[in-house]
Amino acid sequence: MAEREQQHQGDAQMQSPKDDMVVCVMALEAALLPCLPARELQAIDRSPHPSHQIDVERHARDFMEAAKKLQLYFIGLQREDLPTNAEKLRKEIAVMEEELKVKNEIIKKNERLIQGWKKELKDQLDRHNTELEKV
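Residues numbered from 1 in each chain as written. Predicted model: local features only at pLDDT ≥ 70, side-chain atom pairs only at ≥ 80, totals over all residues. Heavy atoms only, no water.

Q: Residue-level account of the overall build of the protein chain, with values.
A: When helices and strands are tallied, the protein chain shows 5 helices and 0 strands. From first element to last, N terminus to C terminus, the protein chain shows the α and β order α-α-α-α-α. The buried share of the protein chain, taken over its 135 residues, is 12%. A separation of at least 24 residues holds for 68% of the contacts in the protein chain among residues at least 6 apart in sequence. Looking at the protein chain as shown, the accessible area adds up to about 11700 Å², and 58% of this sits on carbon and sulfur atoms. (Helix = DSSP H or I, 4+ residues; strand = E, 2+ residues; numbered from the N terminus. Buried < 20%, exposed > 50% of the residue type's maximum accessible area, 1.4 Å probe, protein only. Contact = heavy atoms within 4.5 Å. Areas by Shrake-Rupley, 256 points an atom, 1.4 Å probe, with all protein chains shown as cover.)

Structure follows, in structure tokens:
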């Protein structure tokens, strides 16, 4: 069983994160398989024979190690799903830049309108002045 775990660990280093999960599940399964017959395990646990105690402790330790690896993997997946602070800030900056672009366009449009009004008012003032000069 130790050789099998070492082989899985060596393979896991060369595989993708999804394959890491499969390896962790297989390790957990390998650690759980000896624990399946609970009545036998309880009988061995009560056995005065020291080698039986060592087997129970080894299986429990293997199970806990595999469970911890699986838990760490799932925690890692959760962290990958959550955006980092830098990503949140980038999104906020992008939204703010878009708002700034829209507001700049509105400002330019309003400036053109104001320039047009100024020209119309100047033209109207010039007409009034020419009419006043005629009178």
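Once the structure has been displayed, the description carries forward.
Q: I'd love a proper account of the confidence of the model for the protein chain, names of residues and values included.
A: Averaged over all residues, the pLDDT of the protein chain is 76; the fraction at 70 or higher stands at 62%. Of all helices and strands in the protein chain, the one with the weakest mean pLDDT is helix α1 (residues 2-14) (48), whereas helix α5 (residues 85-134) scores best (94). (pLDDT = per-residue confidence, 0-100.)

Q: For a nonpolar patch on the surface, give the residues involved together with the corresponding values.
A: A cluster of nonpolar residues, Leu113, Ile114 and Trp117, forms a patch on the protein surface that exposes about 300 Å² of accessible area. By secondary structure assignment, the location of tryptophan 117 is in helix α5. (Patch = residues over 30% accessible without salt bridge, like charges linked within 9 Å, V, L, I, M, F, W, Y side chains within 5 Å. Salt bridge = Lys/Arg side-chain N within 4 Å of Asp/Glu carboxyl O.)

Q: A description of the environment of aspartate 62 should follow, citing residues and the corresponding values.
A: You can see aspartate 62 is positioned in helix α4 (residues 50-81). Given the relative accessible area of 13%, aspartate 62 is considered buried. The spatial distance from the C-alpha of aspartate 62 to the C-alpha of alanine 27 is 8.4 Å, given a sequence separation of 35 residues.

Q: Before we move on, could you go through the environment of valine 23 and cite the residues and values that matter?
A: Take valine 23: it is sitting in helix α2 (residues 17-32). In this structure, the C-alpha to C-alpha distance between valine 23 and lysine 69, residues 46 residues apart in sequence, is 9.7 Å.

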